[in-house]
Amino acid sequence: MKEVAAMLKRRFANIITHLKHRLTNATSEPINAKIQWVKYGLRLPQQQNFINAIHFHCGGLALAPAATK
């Protein structure tokens, strides 16, 4: 019982944050999977190229050009 109480005391801030925001790691897992997929596709990922590829694949951008008059 003392061990559980000590653990709750150590994790109190995290517990309160979860109760406020209702977020878990499950929210970030699909994003992480996409990033790992992008990383796998690059041979030698340079930092800026890797960042650009992540923004491209995870950004949800529309690639079709806008219609002009």
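Residues numbered from 1 in each chain as written. Predicted model: local features only at pLDDT ≥ 70, side-chain atom pairs only at ≥ 80, totals over all residues. Heavy atoms only, no water.

K.L.:
I'd like to hear about the overall build of the chain, residue by residue, with values.
P.N.:
Check the secondary structure of the chain and you find four helices and zero strands. Each helix (α) and strand (β) of the chain, taken in turn from the N terminus, gives the series α-α-α-α. Taken against the 2.2 N^0.38 rule, which gives 11 Å for 69 residues, the C-alpha radius of gyration of the chain at 20 Å runs more than 25% over that of a compact globule. Reported as C-alpha extents along the three principal axes, the dimensions of the chain are approximately 70 × 35 × 15 Å. Taken across its 69 residues, the chain has 4% of its residues classed as buried. Total accessible area computed for the chain in this model is approximately 6800 Å², and 61% of it derives from carbon and sulfur atoms. (Helix = DSSP H or I, 4+ residues; strand = E, 2+ residues; numbered from the N terminus. Rg over C-alpha atoms; globule rule 2.2 N^0.38 Å. Buried < 20%, exposed > 50% of the residue type's maximum accessible area, 1.4 Å probe, protein only. Areas by Shrake-Rupley, 256 points an atom, 1.4 Å probe, with all protein chains shown as cover.)

K.L.:
Explain unusual backbone geometry residue by residue, including any values.
P.N.:
Positive phi, close to 55°, is recorded for Arg22, a residue that is not glycine. The residue Arg22 is located in the loop between helix H2 (12-21) and helix H3 (29-41) in this model. Residue classification places Arg22 among the exposed positions, given a relative accessible area of 59%.

K.L.:
I'd like a description of a nonpolar patch on the surface, backed by residues and values.
P.N.:
Together, Val4, Met7, Leu8, Phe12, Ile15, Ile16 and Leu19 make up an exposed nonpolar region whose accessible area comes to about 570 Å². If you list the elements that add at least two residues to the nonpolar patch, you get helix H1 (2-10) and H2. Looking at the nonpolar patch, the element that brings in the most residues is H2, giving four residues. Note that Val4 resides in helix H1. Residue classification places Val4 among the partly exposed residues on the basis of a relative accessible area of 44%. (Patch = residues over 30% accessible without salt bridge, like charges linked within 9 Å, V, L, I, M, F, W, Y side chains within 5 Å. Salt bridge = Lys/Arg side-chain N within 4 Å of Asp/Glu carboxyl O.)

Function cannot be read off these values alone, since they describe shape.
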